[in-house]
Amino acid sequence: MVYIENIYSQEVIDSRGNPTIKVTAVLSDGTMESAIVPSGASTGKREALELRDGDRSRYLGKGVLKACENVDTTISEALIGSTPFDQGHIDAMLKSIDGTNNYSNLGANATLGVSMAIARAAANSLDIPLYRYIGGSNALVMPVPMLNIINGGSHADNTVDFQEYMIVPFGFDTFKDSLRASAEVYQHLKGILKDSKHITSIGDEGGFAPNLKNNAEPIEIILKAIEKAGYKPGEEISIALDVASSELVEKDGKYHLAGEGKKVTSYELVEYYEKLVAKYPIVSIEDGLSEDDWEGWQHLTERLGDKIQLVGDDLFVTNKDILRHGIDKNIANAILIKPNQIGTLSETMQTVRLAQRNNYRCIMSHRSGESEDAFIADFAIGINTGEIKTGSTARSERIAKYNRLLQIESEVPHTEYIGKELFKNR
Ligand code: PGA
Ligand code: ZN
């Protein structure tokens, strides 16, 4: 019987140059696999705890040596000798060793790293790809990508309030074609920005970060880029927004749109979204209202829930209990899935199952701080999220995920690309 022989960790750096944790799992048959954990910037308040050292003399306090120590001692001592093939058991052990509901003892960066590394080692030991290990012969749906091509908010140093302007290449028959179209739009967007003397430096997720005059201008420019690339906005490629609006709320509860010189209530902001949706081919809005504004969310869902995808990221933080409240209150109709918000693969899968049973769409997601690890590409297919959000077509930590998806699509003969099904009538 194959068992876990060793688990150890290392402090490495992420795409923003901040430390993060890499975990390696070694099995008794000699299999050895690693995983690297990502890290967010605009984090939700109820996310599982990311353990940082707080020692200002190293990495400005952001070191993860304590999380590494937890892996190398407490966690490895508990898991060595266990089977790697029972992910539910591994993750339940992590939860019980930690003893809290948000991993505030061990750190969710420590536990997720272990959870991922063991899953990967288990797959490799069985000599099957990770997506197949996770999803069996049902792992056949290529996710529709949402590519963040203009960055604002806390991911960029510009005047744009909304954090992400994404394109959704839904009107294609394969992932490969949808990615090619997106890459073409990205290049045309760069050309348009250059021609109009805007800067073409990029933000954390590989999107451009120009200084534009209001929050609608990025949409106008992206639509131009879609047309210039030879595609039809609204028929082949649409727009998705991540407002990340928890970042915009001030003490008085109003949303501060600095780019427009305005402060608005949540009802006014919903009205603004309705106007945008009426005018532009927008198919999805994420975190349109803040994580604490549940009453506003109910209103937003009443107004737009049957027209577009309304995604809860900071709102639900991949947490099944919070999602359940949202379902009960008819809030949103989709959930962003970020494994490090909740701390293990099993808990992530549980949240996805709850969402799917209640007809909430799932979007697998990277974090703004990422690495070369493409785990989420396999994971999205394995648990059938149908959608993925992992940045623009630039920056290698984003590309790693897209290239992995290309590889999977070419390896597996009978995959489906469900973009038209998801977004055609939106
Ligand atoms: P984050 O950004 O990783 O900084 O939270 C991504 C998102 O908000 O979706
Ligand atoms: Zn978000």
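As the structure is a prediction and not an experimental result, all values here were calculated from the model. (Residues numbered from 1 in each chain as written. Chains lettered and ligands numbered in written order. Predicted model: local features only at pLDDT ≥ 70, side-chain atom pairs only at ≥ 80, totals over all residues. Heavy atoms only, no water.)

Looking now at the sheet that holds strand β1 (residues 4–13). With antiparallel pairing, the three strands of this open sheet are ordered in space as β1-β2-β3. The strands lining the two open edges of the sheet, one partner per strand, are β1 and β3 (32–36). Pairwise comparison of adjacent strand axes, ignoring direction, gives a mean angle of 20° for this sheet. Taken together, the five bridges between strand β2 (residues 19–27) and β3 define a ladder with antiparallel strand orientation. Residue pairing across strands places Val23 opposite Ala35, the latter belonging to β3. (Pairing = 2+ DSSP bridges. Helix = DSSP H or I, 4+ residues; strand = E, 2+ residues; numbered from the N terminus. Axes fitted to C-alpha atoms, helices over the stretch in contact; angles between N-to-C directions.)

We now examine the UniProt feature "binding site: substrate" (unreviewed entry) in the protein. Here, the residues flagged by UniProt with the feature "binding site: substrate" (unreviewed entry) are His155, Glu164, Glu286, Asp313, Ser365, His366, Arg367, Ser368 and Lys389. Residues from the annotated list that form part of the lining of the largest cavity: Ser365, His366 and Arg367. Tracing the sequence through the fold places Asp313 in the loop between β11 (309–312) and α9 (320–328). Assessed through its relative accessible area of 2%, Asp313 is described here as buried. Excluding its chain neighbours within four sequence positions, the residues that come into contact with Asp313 are Asp242, Glu286, Asp287, Leu336, Lys338 and Gln341. Looking at where Ser365 falls in the secondary structure, it is placed in strand β13 (residues 361–365). (UniProt positions renumbered as here; feature names shortened; annotations may be inferred. 1 Å grid on protein atoms, 1.4 Å probe; cavity = no way out; pocket = protein on both sides within 12 Å on 5 of 7 lines; lining within 4 Å. Buried < 20%, exposed > 50% of the residue type's maximum accessible area, 1.4 Å probe, protein only. Contact = heavy atoms within 4.5 Å.)

In this section: the coordination of the zinc ion (ligand 2). Distances from the zinc ion (ligand 2) to its protein donors, Asp242 (OD), Glu286 (OE) and Asp313 (OD), fall at 2.0 to 2.2 Å. Read in sequence order, the donor residues coordinating the zinc ion (ligand 2) give the pattern D-x43-E-x26-D. You can see Asp242 sitting in strand β7 (residues 237–242) and its partner Glu286 sitting in strand β10 (residues 282–286), a full 44 residues away along the chain. Glu286 shares its class with Asp242; the two are buried. (Donors = N, O, S within 2.8 Å, 3.2 Å for Na, K, Ca; no water.)

Moving on to the site of ligand 1. Looking at ligand 1, there are 15 residues lining it, with Ala41, Gln163, Arg367, Ser368 and Lys389 nearest. Ala41 is positioned such that a nitrogen or oxygen atom in its backbone is 2.7 Å from an oxygen atom of ligand 1. One of the side-chain N or O atoms of Gln163 is found 2.9 Å from an oxygen atom in ligand 1. In the complex, the protein chains occlude 100% of the 280 Å² of accessible area that ligand 1 would expose alone. Placement of ligand 1 is best described as lying within the second largest cavity. Class assignment of the residues belonging to the shell around ligand 1 gives a composition of two nonpolar, five polar and eight charged. The two domains that each donate at least three residues to the shell around ligand 1 are domain 1 (4–127) and domain 2 (136–423). (Near = heavy atom within 4 Å. Polar contact = N/O pair within 3.5 Å; in protein donor to acceptor, adjacent residues only side chain to side chain. Areas by Shrake-Rupley, 256 points an atom, 1.4 Å probe, with all protein chains shown as cover. Sits in = over half its atoms within 2 Å of the grid points. Nonpolar A, V, L, I, M, F, W, Y, C, P; charged D, E, K, R; others polar. Domains from an automatic or database assignment.)

This brings us to empty space enclosed by the protein. Rolled over the atoms, a probe as big as a water molecule pinpoints where empty space is left. What the rule picks out here adds up to two cavities of 30 Å³ or more. Taken as a whole, the largest cavity holds about 130 Å³ of empty space. Listing elements by their share of the lining of the largest cavity, those giving two or more residues are α3 (108–125), α10 (339–342) and α12 (375–382). For the lining of the largest cavity, a count of residues per class yields eight nonpolar, three polar and five charged. Mapped onto the domain boundaries, the lining of the largest cavity takes at least three residues apiece from domain 1 (4–127) and domain 2 (136–423). Quantified by volume, the second largest cavity comes out at close to 70 Å³. Lining of the second largest cavity is provided by 16 residues; of these, His155, Gln163, Glu205, Lys338 and Ser368 occupy positions nearest its centre. Two domains share the lining of the second largest cavity, each providing at least three of its residues, namely domain 1 (4–127) and domain 2 (136–423). (Points joined across faces, edges and corners; volume = space filled by probe spheres on them.)

For the structure shown, the criterion picks out eight aromatic pairs. A ring pair is formed by Phe375 and Phe379, whose centres lie 5.7 Å apart and whose planes are at 70°; its orientation type is edge-to-face. Here the residue Phe375 and the residue Phe379 both occupy positions in helix α12, the gap between them amounting to four residues, near one helical turn. An identical accessibility class is assigned to Phe375 and Phe379; each is buried. It is Arg361 that lies over the ring of Phe423; its NZ or CZ is 5.3 Å from the centre. (Phe/Tyr/Trp six-rings, centres within 6.5 Å; stacked < 30°, edge-to-face > 60°. Lys NZ or Arg CZ within 6 Å of the ring centre and 35° of its normal.)

Parsing the protein into structural domains produces domain 1 (4–127) and domain 2 (136–423). At the interface, 31 residues of domain 1 touch 31 residues of domain 2. For the pairing of domain 1 and domain 2, the buried interface totals around 2600 Å² over both sides, and the portion due to carbon and sulfur atoms is 48%. For domain 1, the biggest contributors to the area lost against domain 2 are Ser15, Ser42 and Arg46; these three give 25% of the whole. Ionic pairing is found between Asp292 and Arg46, a salt bridge with its closest N-O pair at 2.8 Å. Applying the counting rule to domain 1 against domain 2 returns 25 residue pairs in polar contact (both at pLDDT 80 or more). Of all elements in the fold, only β3, α2 (87–98) and α3 reach the threshold of two or more residues within the side of domain 1 that touches domain 2. Class assignment of the residues belonging to the side of domain 1 that touches domain 2 gives a composition of 11 nonpolar, 11 polar and nine charged. (Buried area = accessible area lost by both parts, 1.4 Å probe. Salt bridge = Lys/Arg side-chain N within 4 Å of Asp/Glu carboxyl O.)

This part takes up α9. In an α-helix, one full turn covers 3.6 residues, which means residues spaced three or four apart are oriented alike. Along α9, the positions that sit buried rather than exposed are Ile322, Leu323, Gly326 and Ile327. Taken end-on, α9 shows its buried residues confined to a sector of 145°, consistent with a single buried face. Where α9 is buried, its residues touch α8 (294–304), β12 (334–337) and α11 (345–357). The backbone nitrogen of Asp321 lies 2.8 Å from a side-chain oxygen of the residue at the head of α9, namely Asn319. (Arc of directions from axis to C-beta.)

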